[in-house]
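Spelled out from the first residue to the last, the chains are:
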Amino acid sequence: MKQPVILLVEDNPMNLEMAKFLLQNAGFQTVEAEDAATGIRIAKESQPDLILMDLHMPVLNGYEASKILKSDPVTAHIPIVAFTAHAMEDEQQKALDFGCSGIISKPIDVDQFSRQVAGFLVAKGEPSPATVLA
Ligand code: MN
């Protein structure tokens, strides 16, 4: 089975490395971007199955990046999950308003993180690594 590809857009190197490590261990492929502009370019080029989007980044933040991705027919179909420490209700609602499918909260829950990501793929009717859902 094809490994699902997750695009990680995150400007904090520690969070990025942790997310990458956990997802790869769970059987996902990952591609990474440390800023939103790069993330948008990679999303167009590599057509990931899901984008995990940090909301707070300099220059172009995750809300604006999500809006851009959702307005572009090349990337509009790709689910975006907001990745944020600010799991406040207004932040969540704002993320949904900008086109995100949901939220995964930081700090990363090491035991649940890959399942959380897999859950969004399953919700979209996409396959997930069997190891994650077993
Ligand atoms: Mn950030």
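The residue count restarts for each chain, going from 1 along the sequence in the order it is written. The model is predicted, so local features are restricted to residues of pLDDT at least 70 and side-chain atom pairs to those at 80 or more, both for listing and for counting; the totals for chains, interfaces and linings are taken over all residues. The basis for the side-chain values is all heavy atoms of the structure; hydrogens and waters are excluded.

Secondary structure elements are taken from DSSP: a helix is a run of H or I of four residues or more, a strand is a run of E of two residues or more, and numbering for both begins at the N terminus. Each helix and strand counted, the protein has six helices and five strands in total. In the protein, the succession of α and β elements from N to C terminus is β-α-β-α-β-α-β-α-β-α-α. For this measure, only C-alpha atoms enter the radius of gyration; the expected value for a globule follows 2.2 Å times N^0.38, where N is the number of residues. In terms of C-alpha radius of gyration, the protein reaches 13 Å, essentially the compact-globule figure of 14 Å for 134 residues. Overall size of the protein, expressed as C-alpha extent along the three principal axes, is 35 × 30 × 25 Å. We call a residue buried when its accessible area falls under 20% of the maximum for its residue type, exposed when it is over 50%, and partly exposed in between, using a 1.4 Å probe and counting protein chains only. For the protein, the residues scored as buried account for 46% of the 134 residues in total. Residues are treated as being in contact if the distance between any of their heavy atoms lies within 4.5 Å. In the protein, of all internal contacts separated by at least 6 residues, the share reaching a separation of at least 24 is 61%.

What follows covers helix 5 (residues 113-123). Residues of helix 5 that are buried: Phe113, Ser114, Val117, Ala118 and Leu121. End-on view of helix 5: buried residues confined to an arc of 130 degrees, all on one side of the axis. Backbone geometry just after helix 5 places Gly125 at a positive phi near 80 degrees. The reported arc concerns the directions from the helix axis to the C-beta atoms and nothing else.

Within strand 3 (residues 50-54), five of the five residues are buried, which leaves the element mostly enclosed by the surrounding structure. Burial along strand 3 is two-sided: the residues Leu50, Leu52 and Asp54 and Ile51 and Met53 are all buried. Paired strands are those between which DSSP finds at least two bridges. In this sheet, strand 3 lies alongside strand 1 (residues 5-9) in parallel orientation, the contact comprising four bridges. Residue pairing in the sheet places Leu8 in a bridge with Leu52 of strand 3.

Turning our eyes to something else, we now look at the pattern of salt bridges. Between Lys or Arg on one side and Asp or Glu on the other, a salt bridge is scored when a side-chain nitrogen of the former is within 4 Å of a carboxyl oxygen of the latter. Applying the stated rule across the entire model yields six salt bridges. Between Lys2 and Asp49 there is a salt bridge, and its shortest N-O distance comes to 3.0 Å. Of this pair, Lys2 sits in the segment before strand 1 while Asp49 sits in the loop between helix 2 (36-46) and strand 3, and the two are 47 residues apart along the sequence. Since its relative accessible area comes to 57%, Lys2 is described here as exposed. The class for Asp49 is buried, based on a relative accessible area of 13%.

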